[in-house]
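Report on the structure
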Amino acid sequence: MYKTEAIVLKRINLGEADNIITLYTPNFGKIRAVAKGVRRPKSKLGGHLDLLTQSALLLAQGQNLDIITQAQSIESFLTLKSDIKRISCAFYIAELVDQFTAEHVENYPIYRLLHENLLWLCEARSCELVLRHFELQLLSHLGYQPELHQCLSCKSQLAPERNLFSASSGGVLCSACAGNEPTARSISVDALKVMRFLLSNDPTSANRLQMSRELSQEVEQLIREYVRYLLEREVKSLEFMNHLR
Amino acid sequence: MRIGFIPAAAPISRLIEELGKLPGIGPKSAARLAYYLLRTPEAEAKALAEAIIAVKDKTVLCSSCQNVTDSDPCAICSSEERYHGIICVVKEPLDILALERTGRYTGVYHVLHGVLSPMDGIGPEDLKIKELLARIETGSVEEVILATNPNLEGEATAMYIQKLLSPLGLRITRLARGLPVGSDLEYADEVTLTHALEGRQAF
Ligand SMILES: [Zn+2]
Ligand SMILES: [Zn+2]
């Protein structure tokens, strides 16, 4: 038996009334566990294991997957769950964590980031800001932080002019070096600044950032391309999120 | 030394494999069921096989409510005893069985055949939402009861449909009170469901 906090990322039906639940935990990273009878109305677990709920759990070692024997919700992020647009963003956040992480790889900063950004998503002025901050910080905690200060090729300090962002090289190239990277795309000085700012600030400070529509779209496109390059596929929940815009 | 593993005779292996695809049936249960079927009298085994074929061959989706039926429109949609001004929207056909068991619901249904599940790539166009809108636009519907399960995906689906329907000016209610969060409607007992139906709230 062991105890852990966890945030529910995914639920899959198993058998009559059980679920296999994908959890993100502070000390064990991503794990999957079985919740028995959780779909029955009399289950004591049900409400505490809904998607995107933070719960305190008691687990028992199982043969294959561990079994959740007790659950008590800590934070249900109810404010975000009363707004369909914010829900769609939260699904996207959960999918990113699920896609980018392997089971049983501890990464406490990712747990904290997930928790903080779901809380932020409850109140944020702009959902876009939460998503961009989350994407960049997640990539950084996974070791994919894009190089945004010096040219990846010649190592010279980037000049305050249009440079080029290369998803396959993982950062920015100066215009002189960009010739060898046909897939690199233009990045404005402001987009570069926004990305640096989001990488070095927590939600409270990041929430103060103001972006024009064009700038917001530029940053979104650049990060999206980088995420797609790293995952080698589309993030499925993007479609629903875009559908609601 | 290990000796080669000899599998069950081919027809039995095949049956085990097929049974193992059913929800809630692991390899051991599949093997047990297969050998059970092997021992059952021929007539019984044939009846089972025929029932499985009939369920695929002789059923269609009702063109009105999308429930599984052997006659189109289905028995509920063509019944004059049902009140056609109230539509109860559910995730799957099993939910209709649960609600019918209460004997208290006199309106008609609409089956979505799923709920929004963006992480699995299931969006609005994968559900029978267009069909629901078409029904409402052509008929004289007064109330739509959103009876998806009380979990995040069920709530998100209800919210999404509510948003689509709200300009149409009909009464939209949510069947949720008394149903614990995270549970499936199909497992709710009649008393709980009756309370939930009677206590449905404007959404
Ligand atoms: Zn350079
Ligand atoms: Zn029908």
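The rules behind each value
Residues numbered from 1 in each chain as written. Chains lettered and ligands numbered in written order. Predicted model: local features only at pLDDT ≥ 70, side-chain atom pairs only at ≥ 80, totals over all residues. Heavy atoms only, no water. Pairing = 2+ DSSP bridges. Helix = DSSP H or I, 4+ residues; strand = E, 2+ residues; numbered from the N terminus. Axes fitted to C-alpha atoms, helices over the stretch in contact; angles between N-to-C directions. Contact = heavy atoms within 4.5 Å. Donors = N, O, S within 2.8 Å, 3.2 Å for Na, K, Ca; no water. Tetrahedral: all angles 85-135°; square planar, octahedral: opposite > 155°, others 65-115°. Buried < 20%, exposed > 50% of the residue type's maximum accessible area, 1.4 Å probe, protein only. Buried area = accessible area lost by both parts, 1.4 Å probe. Salt bridge = Lys/Arg side-chain N within 4 Å of Asp/Glu carboxyl O. Domains from an automatic or database assignment. Phe/Tyr/Trp six-rings, centres within 6.5 Å; stacked < 30°, edge-to-face > 60°. Lys NZ or Arg CZ within 6 Å of the ring centre and 35° of its normal. Polar contact = N/O pair within 3.5 Å; in protein donor to acceptor, adjacent residues only side chain to side chain. Nonpolar A, V, L, I, M, F, W, Y, C, P; charged D, E, K, R; others polar.

Take the sheet that holds strand 1 (residues 2-14) of chain A next. Hydrogen bonds along the backbone pair up the strands of a sheet, which may run parallel or antiparallel. Residue and element names in this part refer to chain A. Strands sit in the order 1-2-3-5-4 around a closed barrel of 5 strands; the barrel is mixed. The sheet shows a mean angle of 50 degrees between the axes of neighbouring strands, taken without regard to direction. Sheet topology places strand 1 next to strand 2 (residues 18-25); 7 bridges connect them, and they run antiparallel. Along strand 2, the bridge assignment pairs Leu14 with Asp18. Relative to strand 1, helix 1 (residues 84-100) is tilted by about 100 degrees, and along the sheet it contacts strand 1, strand 2 and strand 3 (29-35). Here helix 2 (residues 108-123) sits on the sheet in contact with strand 1, strand 2, strand 4 (54-60) and strand 5 (66-75), set at roughly 70 degrees to strand 1.

The next point concerns the coordination of the zinc ion (ligand 1). Residue and element names in this part refer to chain A. Cys151 (SG), Cys154 (SG), Cys174 (SG) and Cys177 (SG) make up the full set of protein donors to the zinc ion (ligand 1), lying at 2.3 Å. Coordination at the zinc ion (ligand 1) is tetrahedral: its 4 donor atoms span angles of 101 to 116 degrees at the metal. Donor residues for the zinc ion (ligand 1) sit on one chain with the sequence pattern C-x2-C-x19-C-x2-C. Taken together, the residues Cys151 in the loop between helix 3 (127-141) and strand 6 (163-166) and Cys174 in the loop between strand 7 (171-173) and strand 8 (185-187) connect sequence positions 23 residues apart. The exposure class of Cys151 is buried, given its relative accessible area of 1%. Since its relative accessible area comes to 13%, Cys174 is described here as buried.

With 30 residues of chain A at the contact, the number on the chain B side is 23 residues. For the chain A and chain B pair, buried surface summed over both sides reaches about 2,400 Å², with 67% attributable to carbon and sulfur atoms. For the pair chain A and chain B, the interface holds 2 salt bridges. Its salt-bridge partner being Asp189(B), residue Lys42(A) comes within 3.4 Å of it at the nearest N-O pair. Of all elements in the fold, only strand 1, helix 1 and helix 7 (238-243) of chain A reach the threshold of two or more residues within the side of chain A that touches chain B. For the side of chain A that touches chain B, the element with the highest residue contribution is helix 1 of chain A, accounting for 5 residues.

All names here are of chain A. Within the open sheet, the 3 strands sit side by side as 7-6-8. Their pairing is antiparallel. Two strands in the sheet have a free side with no partner beyond their single neighbour: strand 7 and strand 8. Strand-to-strand twist in this sheet, taken as the mean axis angle between neighbours without regard to direction, amounts to 50 degrees. Where strand 6 meets strand 7, 3 bridges bridge the pair, whose relative direction is antiparallel. Its bridge partner being in strand 7, Ser166 is matched across the sheet by Gly171. Across the face of the sheet, helix 4 (residues 189-199) comes into contact with strand 6, strand 7 and strand 8 while running at roughly 75 degrees to strand 8. Packed onto the sheet, helix 6 (residues 213-231) meets strand 6 and strand 8 and runs at close to 135 degrees relative to strand 8.

Moving on to the domain arrangement of chain B. Taken domain by domain, chain B comprises domain 1 (10-57) and domain 2 (61-202). Relative to domain 2 of chain B, the C-alpha centre of domain 1 of chain B lies at a distance of 33 Å.

Residues and elements named next belong to chain A. For the coordinates displayed, the defined rule picks out 24 salt bridges over all chains. Note that Asp98 and Lys10 form a salt bridge whose closest N and O atoms lie 3.4 Å from each other. Here Asp98 is found in helix 1, whereas its partner Lys10 is found in strand 1, with 88 residues between them in sequence. A residue is classified by how much of its surface remains accessible, and Lys10, at 23% relative accessible area, is partly exposed. Each member of the salt-bridge network shares a partner with another, and the members are Glu128, Arg132, Glu135, Glu220, Arg224 and Arg245.

The next subject is the packing of aromatic side chains. Ring pairs (aromatic) are described by centroid distance and by the angle formed between their planes. Applying the stated rule across the entire model yields 6 aromatic pairs over all chains. Ring centres 6.3 Å apart and planes at 50 degrees place the aromatic pair Phe100(A) and Tyr144(A) in the tilted group. Of this pair, Phe100(A) sits in helix 1 while Tyr144(A) sits in the loop between helix 3 and strand 6; the two residues are 44 residues apart in sequence, bridging distant segments of the chain. One Lys or Arg, Arg40(A), reaches over the ring of Tyr187(B) and ends 4.9 Å from the middle of that ring.

Let us now look at the coordination of the zinc ion (ligand 2). Residues and elements named next belong to chain B. At 2.3 to 2.4 Å from the zinc ion (ligand 2) lie its protein donor atoms, namely Cys62 (SG), Cys65 (SG), Cys74 (SG) and Cys77 (SG). With 4 donor atoms in place around the zinc ion (ligand 2) and angles of 106 to 115 degrees between them, the coordination shape is tetrahedral. When the donor residues of the zinc ion (ligand 2) are listed from N- to C-terminus, their spacing reads C-x2-C-x8-C-x2-C. Note that Cys62 is positioned in the loop between strand 1 (60-61) and strand 2 (68-69) and Cys74 in the loop between strand 2 and strand 3 (86-90), a separation of 12 residues in sequence.

Right, let's get into the side chain of Asn117(A). All names here are of chain A. Topologically, Asn117 is positioned in helix 2. Within polar-contact distance, the side chain of Asn117 engages the backbone oxygen of Val130 at 3.4 Å. When residues no more than four places from it in sequence are discounted, the contact partners of Asn117 are Val130, His133, Phe134 and Pro203.

Moving on, we get to the domain arrangement of chain A. Residue and element names in this part refer to chain A. Examined at the domain level, chain A breaks down into domain 1 (2-75) and domain 2 (84-146 + 177-244). Relative to domain 2, the C-alpha centre of domain 1 lies at a distance of 27 Å. Every contact between the two is made by 19 residues of domain 1 and, on the other side, 19 residues of domain 2. Here domain 1 and domain 2 share an interface that buries about 1,700 Å² over both sides, 63% of which is from carbon and sulfur atoms. It is Tyr24, Lys30 and Leu52 in domain 1 that bury the most area against domain 2; as a group they hold 39% of the surface buried on that side. Viewed at the interface, domain 2 and domain 1 are joined by 3 salt bridges. Its salt-bridge partner being Glu103, residue Arg32 comes within 3.1 Å of it at the nearest N-O pair. Listing elements by their share of the side of domain 1 that touches domain 2, those giving two or more residues are strand 1, strand 2 and strand 3. By residue number, the principal contributor to the side of domain 1 that touches domain 2 is strand 1, which donates 5 residues. Looking at side-chain class alone, the side of domain 1 that touches domain 2 contains 9 nonpolar, 5 polar and 5 charged residues.

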